[in-house]
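A closer look at the structure
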Amino acid sequence: MQEINNLNEFEISTPLQEPFSYSIIPIVVLGFLIIILVFLYIFLKSKKKKNTIPVIIEPNLKDRNQIKAIYLNKLNELLKKVEENSITNRFAYQELSILIREFTYEMTNIKVQNYTLSDIEKINIPILYELVKEYYEPEFSKSSEGNILISLEKTRKVMESWN
């Protein structure tokens, strides 16, 4: 115990070093640069999407005629389901919307399958916009009213006259 008391008699002091001192200015400048770069990246990314107009790549005449024949056949199958009452108006309009969108994709190589109505309006294919607009209400409303036979005939005329 005597030895422990003797330790208390000695003063042990370690000189402390000054903490590192950094200037805050480079850190603030770096922070601002990072923020500016992030905003610039986001701005350019959104600008690129808005200005991108899809390029229409049309198949050759033989392929277009084959595509028309395939989709007119699918349209006839849908008409048959409607006439047999084996499909509701809502599902008929949904299938019709899918058909015209796939047909347009095959004819133009523009992936309109997932486009909204406003996206379709922007691609400057007015007849497609009019058809899809006609399908929207019966396709999504609660009562699903609409004359599917008239819509089928309009779609047929569009497919047949597509250049």
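The following paragraphs examine the structure supplied in this document.

Cut-offs and rules
- Residues numbered from 1 in each chain as written.
- Predicted model: local features only at pLDDT ≥ 70, side-chain atom pairs only at ≥ 80, totals over all residues.
- Heavy atoms only, no water.
- Helix = DSSP H or I, 4+ residues; strand = E, 2+ residues; numbered from the N terminus.
- Buried < 20%, exposed > 50% of the residue type's maximum accessible area, 1.4 Å probe, protein only.
- Contact = heavy atoms within 4.5 Å.
- Expected span 1.5 Å × (residues − 1).
- Arc of directions from axis to C-beta.
- Polar contact = N/O pair within 3.5 Å; in protein donor to acceptor, adjacent residues only side chain to side chain.
- Axes fitted to C-alpha atoms, helices over the stretch in contact; angles between N-to-C directions.
- Parallel < 35°, antiparallel > 145°, perpendicular 65-115°, else oblique.

Some remarks on the overall build of the chain
Along the backbone of the chain there are seven helices and zero strands. Among the 163 residues that make up the chain, the fraction classed as buried is 27%. Here the contacts in the chain between residues at least 6 apart in sequence split such that 68% fall between residues at least 24 apart.

Examining helix α7 (residues 148-161)
With 14 residues, α7 extends 20 Å between its outermost C-alpha atoms, agreeing within 8% with the 20 Å of an ideal straight helix rising 1.5 Å per residue. All of the buried residues along α7 are Ile148, Ser151, Leu152, Thr155, Arg156, Val158 and Met159. Along α7, the residues classed as buried sweep out an arc of 165° about the axis, all on the same side. One side-chain oxygen at the N-terminal end of α7 lies 3.1 Å from the backbone nitrogen of Leu149; it belongs to Asn147.

Focus: the side chain of Thr108
Considering the arrangement of structural elements, one finds Thr108 in helix α4 (residues 89-108). Reaching out from Thr108, the side chain makes a polar contact with the backbone nitrogen of Ile110 at a distance of 3.2 Å.

Some details on the packing of α4 against α7
The contact between α4 and α7 brings their axes to 11 Å, and the two run at 10°. Judged on the interaxial angle alone, α7 and α4 are roughly parallel. Together, Asn89, Ala92, Tyr93, Leu96, Leu99, Ile100 and Phe103 of α4 and Ile148, Ser151, Leu152, Thr155, Val158 and Met159 of α7 make up the contact between the two elements.

Note that every value here comes from positions in space, so none of it alone points to a role or purpose.
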